[in-house]
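Notes for the structure review
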Amino acid sequence: MSTVPAPFGAAETLVGVGHGPTLTERRERLRFLLSDGTLVLPGATDGLGVRLIERAGFDAAYATGAGLANAQYGVPDIGLISLGEVADHVDRLASATHLPLVVDADTGFGNPVMAMRAARRLERAGAAALQLEDQQMPKRCGHFDHHALIPTEHMQAKLVAVRQALEDPSTVIIARTDARSVHDIDEAISRGHAYVDAGADVIFVEAPRTVEELERVGRQLHGVPLVVNVVEGGKTPQLSLDEYRELGFGVVLFANFLMRAMLRTGAEALAHLRTTGETGSYVDRIATWEERQALFNLPQFSAAEAHFDSPGRTA
């Protein structure tokens, strides 16, 4: 007579294979966070990064497009990455965390109909929010120069199309405008209002140049959740969380801080190895073996393997 194994009692700890919050639950959680004060949003380039963000206690993570291009493909953020590559990446990140995932969807990868397809794929891959921008393809990092924009009406059509394509009404749409770099802050604010009218839940005015410009964005778009993008060495003033909050920004995005910190640390570690030919004198500056395995829940996975492999288990 065969026996049926009992369920593993801590399946939620088996991140990536066990159960966790559904995608709708993550999206509803993100909507609550957007209405409940200041959301600090760190960016991740891989499963390691998103696990670190969750372990550090943040409430959501950002799938950075620039970080994907840099860290996974070794290329600059100039629109070289395809929809399929982004969708695969989102699936990996969403599977590695229980956090809501905000996804940089660039321009939607084409016209409004193509943006509908992109939204559907990224939503199914695990996005809690989709960020779309009004640049022409190929797009460029918002803190680069020489951007080109699509007409306001074209971006509005894209947002309406994306909303119509979504399967889950709780999925959040973030509309980003790069109009400050191409025109001025007045045009950026005007586009922000137009994108709210087209159905955007959150507005992201990229690269205001001064505190005064930040204040104008917060005041004239008051009542709409607003993103400020903190780029260390970029064009927007670096302020405290309280200062951003007072200016009207409820989402403070640190898209590539983690990647840049790991870049510097990794370069220093490799320089040590190249110079000395050994790592023994460096071990107090790296994660321990136990810290590494704990981050990826090895003890819980080992317990699950032992549970299901043991004979005589019955339901």
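Preceding this section is the structure that the text describes.
Residues numbered from 1 in each chain as written. Predicted model: local features only at pLDDT ≥ 70, side-chain atom pairs only at ≥ 80, totals over all residues. Heavy atoms only, no water.

Remark: helix α4 (residues 83-95) packs on helix α5 (residues 112-125), axes separated minimally by 8 Å, with the N-to-C direction vectors making an angle of 20°. It follows from the interaxial angle that α4 and α5 lie roughly parallel. The chirality of how α4 crosses α5 is right-handed. Together, Leu-83, Gly-84, Val-86, Ala-87, Val-90, Asp-91 and Ala-94 of α4 and Met-114, Arg-117, Ala-118, Arg-121, Leu-122 and Ala-125 of α5 make up the contact between the two elements. The residue inventory of the contact of α4 with α5, partitioned by class, reads 9 nonpolar, 1 polar and 3 charged. (Axes fitted to C-alpha atoms, helices over the stretch in contact; angles between N-to-C directions. Helix = DSSP H or I, 4+ residues; strand = E, 2+ residues; numbered from the N terminus. Parallel < 35°, antiparallel > 145°, perpendicular 65-115°, else oblique. Left-handed = near helix turned anticlockwise from the far one by under 90°. Contact = heavy atoms within 4.5 Å. Nonpolar A, V, L, I, M, F, W, Y, C, P; charged D, E, K, R; others polar.)

Moving on to the nonpolar core. The biggest cluster of nonpolar side chains holds 58 residues, and the ones touching the most others in it are Leu-122 and Ile-203. At 6 residues, α4 tops the list of elements feeding residues into this core. Core analysis: the next-biggest nonpolar cluster, separate from the first, contains 18 residues, Leu-34, Val-172, Val-202 and Val-251 among them. (Core = buried A, V, L, I, M, F, W, Y, C linked by side-chain atoms within 4.5 Å. Buried < 20%, exposed > 50% of the residue type's maximum accessible area, 1.4 Å probe, protein only.)

Turning our attention to the sheet that holds strand β7 (residues 226-229). The sheet built from 8 strands closes into a barrel, its strands ordered β1-β2-β3-β4-β5-β6-β7-β8 with parallel pairing. The sheet shows a mean angle of 25° between the axes of neighbouring strands, direction not considered. Where strand β6 (residues 202-205) lies against β7, 2 bridges are found, and the strand directions are parallel. Paired with Phe-204 across the two strands is Val-227, which belongs to β7. (Pairing = 2+ DSSP bridges.)

A separate point is the pairing of strand β4 (residues 129-133). Most of β4 sits out of view: 5 of its 5 residues are buried. Burial along β4 is two-sided: the face carrying Ala-129, Gln-131 and Glu-133 and the face carrying Leu-130 and Leu-132 are both buried. Pairing of strand β3 (residues 101-104) with β4, which is carried by 3 bridges, proceeds in the parallel orientation. Note that in β4 the partner of Val-102 across the bridge is Ala-129. The parallel pair β3 and β4, bridged by α5, forms a crossover whose chirality is right-handed. Here β4 pairs with strand β5 (residues 172-177) via 5 bridges, running parallel. By the bridge assignment, Leu-132 is partnered in β5 with Ala-175. (Right-handed = clockwise from strand over helix to strand, strands pointing away.)

With that out of the way, let us pick up the pattern of salt bridges. Across all of its chains, the model carries 17 salt bridges by this definition. Arg-176 is the partner of Glu-206 in a salt bridge, and the nearest nitrogen-oxygen pair spans 3.9 Å. With a gap of 30 residues between them, Glu-206 in the loop between β6 and α9 (211-220) and Arg-176 in strand β5 connect regions that are remote in the sequence. Residue class for Glu-206 comes out buried when judged on its relative accessible area of 2%. We note a salt bridge from Glu-187 to Arg-191, for which the minimum N-O separation is 3.0 Å. (Salt bridge = Lys/Arg side-chain N within 4 Å of Asp/Glu carboxyl O.)

Another point: α9. A turn of α-helix holds 3.6 residues, and therefore any two residues three or four places apart point the same way. All of the buried residues in α9 are Glu-213, Leu-214, Val-217 and Gly-218. An end-on view of α9 places all buried positions within 135° of arc, on one side of the element. Those residues of α9 hidden inside the fold are in contact with α7 (179-182), α8 (185-197), β6, β7 and α10 (241-247). (Arc of directions from axis to C-beta.)

A separate point is unusual backbone geometry. We note that Asp-106 has phi near 50°; this positive angle belongs to a residue other than glycine. On the secondary structure map, Asp-106 appears in the loop between β3 and α5. The phi dihedral of Phe-109 falls on the positive side, at around 70°, and the residue is not glycine. By the secondary structure assignment, Phe-109 is in the loop between β3 and α5.

Relative to the assigned elements, Glu-153 resides in helix α6 (residues 152-165). For Glu-153, a relative accessible area of 56% corresponds to the exposed category. Separated by 113 residues in sequence, Glu-153 and Gly-266 have C-alpha atoms that sit 45 Å apart.

Function cannot be read off these values alone, since they describe shape.
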